[in-house]
Amino acid sequence: MDIDDILREVDPASYAIPEGTRDLQALTRAWVAERSSPELLNWPVDGLFERINERIKQQIEKIEDMTGDMDPKTNFALIVIQTELERYKFIVRSYLRARIAKIDKHTLHYLSTPTLRARLSETELAYATRHQALLHNHYLSSFLSSFPQTLQNLNDTAGNISMIDTPDLDTAVFLRLLKDTLVEGRGTDTDGGMNGRYGDIVILRWSDAKPLVDSARAEVI
Amino acid sequence: MALPLPSGLVPTEVAFLCEMEMVTIVPRQRLEPIQLLSGETPALRPPHRAEVPLWLALLLKKQRRANIVAPPWLLVSSLQDLVHQETNVDPEAFSPPPPPPMRSDGRGTARPYGTHPDPDSKPGDLILAPPFLPSCTQEAPSGYLPYHWLEMSETLLAHAADDIPNAPDVRALLRDLQEVRAAKMRGSTRHLDGGGGVLNLRGVGAMELAESRGFVLGVVDGVRKIGASMEASRREEEEERAAAGGADDSDEEMEF
C-alpha cells in the first residue's frame, strides 16, 4: 500500500467499493442465485473463483504461521480469522454443491448443446462427462445390453418425446430489483407489466426473470 | 457431494446471510486491525464506536470485549410507529423498505452508498444489496424495517438483550409486527387472481420469504400448471390474430 492508496481510502469522494467487499458481494449473489433458480447459471468468467481460491490459500498459510507462535495476544485474532475463513469456505462449498446437484439432476441436458456446456466450469464439465459415461456403461452392462440396439440410447428424441429431462424454466422465483426498470411477466390469464422501482421484491417466472438477472438489473433472492 | 437442500434459501442460510450485516459496536478493549478475506476490520479503540459484521460483533460480545449498539429501527418508538403503519395506515401492503443509504462525497452532493456517480453506470458495475448495505448500523434510518429485520432482531435479543433498551417491550412489539406481516404474506397470493405475470411484495423481509417460500411459490406454480392449457390456447389465439393481421396485409399485396 503506498501513499496514493491511503489518500484514496480517506477521500470521501472515492466511491470505490473495496475489492474484498466486491468479491464477497459477487460470491454471495452467485450463491443465493444458484440456490434459488431452477436451472444452472453461468460459471463466473471474470476470474472470481481464481481470486477467491488464491486468497483462501493465503489465509490458510497465514493461520499455519500464526499457530506456530502461541502468543495469547494473537490468539483472539486467530479465532477471528479462522471463523471468517470457515464462513467464506461455507459459501464456496455450498455454491459448488448446489451446482453439482443441478448437474446431477439434468446431466444430459447440460451436455446436449455447446451453449449449455459453456455454463459449466472446466472441472464441472469433466465431472459431468465422466459421470454420465460411467452411468451409461453401468446401465449397459447391467440391463441395457439385453435390449434391442435401437433402444439402448439414453437420449432418444423419437416420437416427439425427448428422453432428456430438462429443468422447468417457468418455475416462479423471487427477485429484488437493483435498478428502476420495467418488469414484464407472462401470466395465465393476461401478461402483465409493471414499472419496478429500486428495492422492489417481485415474484416472476424464471424465464421472464432471466434477462433482468443477466443484465444485473435484478438479483434472485 | 451434491447439496440435498431444496431450491431456495432455507431459514438457517438466511440467518447466515444476516450475520454479514454491519452493526455498530462500542468496544471495551483495544484490538488492532485484523486482515480478513473480506477486508480489514477497523481498529477498535474504546470508547470510539466502530462498525463490524454481526458475526464478529457477536464473537466480541460473547467474550465481553464489546457492546452492540441497537440499530435505530429496533427502538420502542420506531417499532410503535411501524406497528401503526402496518395495521392502520396500510393494512394491505408491507411497510416500505429503507431508502437507499446516501453518502456525502465531501463536495456537498449526496449519492447512494457504494455506487458510481455516473448515472448510466456500466453493465459490469456492481450494485450492493443487503446484507452489504449499512441498514443495521447506528446511521440506519428509524421507522423502516431492513431486509433482514426479523433475523437481526431475534439474534440481538438472544445474544445481546442487555444492550437493547427496554428489551421486553421490543420483544412484544416485534411479535405484533411479525403476526400482522405474516397475515399479509399469506394474503399476498390472493392478488394472483388477476393472473398478471408479476406480483410485487415490496418491503418483505428475508426470513418471511424463507418461511413462506414453499407456500407462495407452490401456489404460483400450481396456478400456472392448472391454467397451462388455457394459457397455451390464449397464446395460440393471440398468435393467430397477429398472423391473421399479417396475412391480411399480404393478401392485399397479392391483389396488386
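Look a little higher up for the structure.
Since the model is a prediction, treat every value here as computed from it, not as a measurement.

(A) Geometry of the overall build of chain A. Along its length, chain A carries eight helices and five strands. Seen in sequence order, chain A has helices and strands lined up from the N terminus as α-α-α-α-α-α-α-β-β-β-β-α-β. Taken over C-alpha atoms, the radius of gyration comes to 23 Å for chain A, far larger than the 17 Å a tight globule of 221 residues would show. Taking the principal axes of the C-alpha coordinates as reference, chain A spans close to 70 × 50 × 25 Å. Counting across all 221 residues of chain A, residues that qualify as buried make up 45%. A fraction of 59% describes how many contacts in chain A between residues 6 or more apart in sequence connect residues 24 or more apart. Summed over all atoms, the accessible surface of chain A reaches about 11,700 Å², with 55% contributed by carbon and sulfur. In chain A, 26 positive and 34 negative side-chain charges are present, and the distance between their average locations comes to 3 Å.

(B) Structural view of the packing of helix H2 (residues 19-36) of chain A against helix H1 (residues 11-18) of chain B. With their axes 13 Å apart at the nearest point, H2(A) and H1(B) run at an angle of 165° to one another. Relative to H1(B), the element H2(A) is oriented roughly antiparallel. For the element pair H2(A) and H1(B), the recorded crossing hand is left-handed. Touching A:Thr28, A:Trp31, A:Val32 and A:Arg35 of H2(A) are B:Glu13, B:Phe16 and B:Leu17, all from H1(B).

(C) Here's a closer look at the pairing of strand S5 (residues 66-69) of chain B. All names here are of chain B. Side chains Ala66 and Ile68 project from S5 onto one buried face, and the interleaved Asn67 and Val69 project onto a second face that is buried too. Here strand S1 (residues 22-27) pairs with S5 via four bridges, running antiparallel. Counted as the bridge partner of Pro27 is Ala66 from S5.

(D) Structural view of the packing of helix H3 (residues 48-68) of chain A against helix H4 (residues 72-105) of chain A. All names here are of chain A. Packing of H3 against H4 leaves a shortest axis separation of 10 Å and a crossing angle of 150°. By the angle between their directions, the pair H3 and H4 is classed as roughly antiparallel. Relative to H4, H3 is oriented so that their crossing is left-handed. Residue-level inspection shows Phe49, Ile52, Arg55, Ile56, Gln59, Ile60, Lys62, Ile63, Met66 and Thr67 of H3 in contact with H4, the latter providing Thr74, Ala77, Leu78, Ile81, Gln82, Glu84, Leu85, Tyr88, Lys89, Val92 and Tyr95. Taken together, the residues of the contact of H3 with H4 break down into 13 nonpolar, four polar and four charged.

(E) The pairing of strand S2 (residues 181-185) of chain A, seen in detail. Residues and elements named next belong to chain A. A one-sided burial pattern is seen for S2, the buried positions being Thr181, Val183 and Gly185 and the unburied ones Leu182 and Glu184. Examined bridge by bridge, S2 and strand S3 (residues 192-196) share five bridges and lie antiparallel to one another. Looking at the pairing, Thr181 lines up with Gly196 of S3. In sequence, S2 turns back onto S3 through a hairpin of six residues.

(F) Focus on the side chain of B:Glu21. Residues and elements named next belong to chain B. Among the structural elements, Glu21 can be located in the loop between H1 and S1. A polar contact of 3.3 Å, which involves the side chain of Glu21, links it to the side chain of Ser135. Excluding residues within four positions of it along the chain, Glu21 makes contact with Val52, Pro53, Leu54, Pro130, Pro131, Leu133, Ser135, Cys136, His148 and Met152.

What counts and how
- Residues numbered from 1 in each chain as written.
- Chains lettered and ligands numbered in written order.
- Predicted model: local features only at pLDDT ≥ 70, side-chain atom pairs only at ≥ 80, totals over all residues.
- Heavy atoms only, no water.
- Helix = DSSP H or I, 4+ residues; strand = E, 2+ residues; numbered from the N terminus.
- Rg over C-alpha atoms; globule rule 2.2 N^0.38 Å.
- Buried < 20%, exposed > 50% of the residue type's maximum accessible area, 1.4 Å probe, protein only.
- Contact = heavy atoms within 4.5 Å.
- Areas by Shrake-Rupley, 256 points an atom, 1.4 Å probe, with all protein chains shown as cover.
- Lys, Arg positive; Asp, Glu negative; His and termini not counted.
- Charge placed at Lys NZ, Arg CZ, Asp CG, Glu CD.
- Axes fitted to C-alpha atoms, helices over the stretch in contact; angles between N-to-C directions.
- Parallel < 35°, antiparallel > 145°, perpendicular 65-115°, else oblique.
- Left-handed = near helix turned anticlockwise from the far one by under 90°.
- Pairing = 2+ DSSP bridges.
- Nonpolar A, V, L, I, M, F, W, Y, C, P; charged D, E, K, R; others polar.
- Polar contact = N/O pair within 3.5 Å; in protein donor to acceptor, adjacent residues only side chain to side chain.

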